[in-house]
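The primary structure of each chain is shown beneath.
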Amino acid sequence: MSKFDPYEHLNISPNPDGTLTRLTNFPVVPTTLDEDSGVVAVSKDLPLNPEKKTWVRLFRPTKLPSNDNEVARIPIILYFHGGGWFRFQASDPVVHERGTHFASQTPAICVSVNFRLAPEARLPAQYEDAVEALLWIKKQALDPNGEKWLRDYGDFSRTYLYGCSNGANITFNLGLRSLDMDLEPLKIGGLVINQPMFSGIQRTKSELRFAADQLLPLPVLDLMWELALPKGTDRNHRYCNPMVDGPHMKLLPRLYRCLVIGYGGDPMIDRQQDFVQMLVMNGVMVEARFDDVGFHQIDLVDPRRSAVVMNMVKEFIWSAPAK
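Residues numbered from 1 in each chain as written. Predicted model: local features only at pLDDT ≥ 70, side-chain atom pairs only at ≥ 80, totals over all residues. Heavy atoms only, no water.

As annotated in an unreviewed UniProt entry, the protein chain carries the name Alpha/beta hydrolase fold-3 domain-containing protein and is attributed to Vitis rotundifolia. As recorded by UniProt, the Sequence similarities (unreviewed entry) comment attached to the protein chain reads in full: "Belongs to the 'GDXG' lipolytic enzyme family." (UniProt positions renumbered as here; feature names shortened; annotations may be inferred.)

If you want it as structure tokens, here you go:
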């Protein structure tokens, strides 16, 4: 009987220098500025930190809402994709499609962050990239020559942080880090935390129940954290297990309103529900939307679930009290 190999399952190969060879090549989706090409959103790439090779892909709806014949300002969504910390780029089809949906259906200006990947860059590198992206948006607001899509159409007072899977982990940690940052004139209206990726040393009932899950069996989840966490730490590090005591706990009562999404077939569902309970116990305004049916990141492959999530996001953003 052959031993299960999580590297083979993920189609990656470890290198002696600690890097990965990623054996799955995704096609690159080009940006388009042609509003007459039939696209529902135009897009363009801009550098974030050239030294770190990070960048952002901006999306703007081709049909902009109007108020009294004037273009209305729309929310800004700072988006962090999933991929288990080690894969996907902002130019990959599934990530590009999500940015397009945010722009066209919310509608919003979507800033999709191409952050560094593990293990070449371990945590907290991804949190640092997220902070840089948030400050980059602030810079555009203050610079008379800043990015025109943001300055002409974006409402900096309604900036939302959105992430799925490990991107939801980034969103939560960025929310905490931003609490003591000077963001004016930018204001964060809330966090959308979609199927957040958390773990811990002690196994939960859902992890054991789905230990042989076809998508995310336990050895695969463990490997993802082994590749992402700082060397010398374990899965009870606060980056991985926010329910453990740590300096982040003092910040929780000040956290922004949150929309947390989860599915009953996700091995991490118990941790996601514990996470919601932790937020509520600390006085955070939380809207929890859990569905008994569905697996991790089902909304990326099921158009119906994708539409449901988009409606949740739209309702969460547009029902927020004006500031």
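Having seen the structure, we can now continue with the description.
Colleague: Just to check I follow, could you spell out the sheet that holds strand E8 (residues 109-114) for this structure?
Modeller: The strands making up a sheet are joined through hydrogen bonds of the backbone, oriented either antiparallel or parallel. Spatially, E3-E4-E8-E7-E9-E10-E11-E12 is the arrangement adopted by the eight strands of the open sheet, whose pairing is mixed. For this open sheet the edge positions go to strand E3 (41-49) and strand E12 (286-291), each flanked by a neighbour on one side alone. On average, adjacent strands in this sheet sit at an angle of 20° to one another, irrespective of strand direction. With four bridges connecting them, strand E7 (residues 74-80) and E8 associate as parallel partners. Considered in E8, the bridge of Leu78 is made with Val111. Contacts from helix H3 (residues 125-142) reach E3, strand E4 (54-61), E7, E8, strand E9 (154-164) and strand E10 (188-194) within the one sheet, and its direction differs from that of E3 by about 110°. In the packing of helix H8 (residues 269-281) onto the sheet, contacts are made with E10, strand E11 (258-263) and E12, and the angle to E11 comes to roughly 160°. (Pairing = 2+ DSSP bridges. Helix = DSSP H or I, 4+ residues; strand = E, 2+ residues; numbered from the N terminus. Axes fitted to C-alpha atoms, helices over the stretch in contact; angles between N-to-C directions. Contact = heavy atoms within 4.5 Å.)

Colleague: What is the right way to look at unusual backbone geometry in this model?
Modeller: Peptide bonds are mostly trans, and most non-glycine residues show a negative phi. Between Ala118 and the following residue, Pro119, the backbone shows a cis peptide bond with an omega angle of 0°. With respect to the secondary-structure elements, Pro119 resides in the loop between E8 and H3. Pro124 follows Leu123 through a cis peptide bond whose omega is 10°. In this fold, Pro124 is placed in the loop between E8 and H3. The phi angle at Asn11 is positive, at roughly 60°, despite the residue not being glycine. Within the secondary structure, Asn11 sits in the loop between helix H1 (6-10) and strand E1 (12-14). On the basis of relative accessible area, Asn11 is assigned to the partly exposed category, the value being 31%. (Buried < 20%, exposed > 50% of the residue type's maximum accessible area, 1.4 Å probe, protein only.)

Colleague: Explain the packing of helix H2 (residues 93-105) against helix H9 (residues 303-318) here, please?
Modeller: Packed helix pairs are characterised by how far apart their axes lie and by the angle those axes make with each other. Closest axis-to-axis distance for the H2/H9 pair is 11 Å, and the angle between their directions is 50°. What the angle tells us is that H2 and H9 run oblique. The chirality of how H2 crosses H9 is right-handed. In this structure, H2 uses Arg98, His101, Phe102 and Gln105 to contact H9, whose residues at the interface are Ser306, Val309, Met310, Val313 and Lys314. Tallied by class, the residues present in the contact of H2 with H9 amount to four nonpolar, three polar and two charged. (Parallel < 35°, antiparallel > 145°, perpendicular 65-115°, else oblique. Left-handed = near helix turned anticlockwise from the far one by under 90°. Nonpolar A, V, L, I, M, F, W, Y, C, P; charged D, E, K, R; others polar.)

Colleague: Can you help me understand a nonpolar patch on the surface in this one?
Modeller: On the surface, a cluster of nonpolar side chains totalling about 280 Å² of accessible area is made up of Leu215, Phe295 and Val301. Within the secondary structure, Phe295 sits in the loop between E12 and H9. (Patch = residues over 30% accessible without salt bridge, like charges linked within 9 Å, V, L, I, M, F, W, Y side chains within 5 Å. Areas by Shrake-Rupley, 256 points an atom, 1.4 Å probe, with all protein chains shown as cover. Salt bridge = Lys/Arg side-chain N within 4 Å of Asp/Glu carboxyl O.)

Colleague: Looking at this structure, how should I read the layout of surface pockets?
Modeller: Where empty space is left becomes clear once a probe the size of a water molecule has been rolled over the atoms. Quantified by volume, the largest pocket comes out at close to 290 Å³. For the largest pocket, the lining is made up of 16 residues, of which Arg87, Phe88, Leu215, His296 and Gln297 are closest to its centre. Taken together, the residues of the lining of the largest pocket sort by class into ten nonpolar, five polar and one charged. (1 Å grid on protein atoms, 1.4 Å probe; cavity = no way out; pocket = protein on both sides within 12 Å on 5 of 7 lines; lining within 4 Å. Points joined across faces, edges and corners; volume = space filled by probe spheres on them.)

Colleague: What is the right way to read the environment of His296 from this model?
Modeller: Turning to its location among the elements, His296 is positioned in the loop between E12 and H9. Look at His296 and you get buried, because its relative accessible area is 6%. Residues His296 and Cys164 lie 132 residues apart in sequence; the distance between their C-alpha atoms is 9.6 Å. Each residue touching His296, except ones within four places of it in the same chain, is listed here: Ser165, Gln195, Leu215, Leu216, Asp266 and Met268. Side chain to side chain, His296 and Ser165 meet in a polar contact 2.9 Å long. (Polar contact = N/O pair within 3.5 Å; in protein donor to acceptor, adjacent residues only side chain to side chain.)

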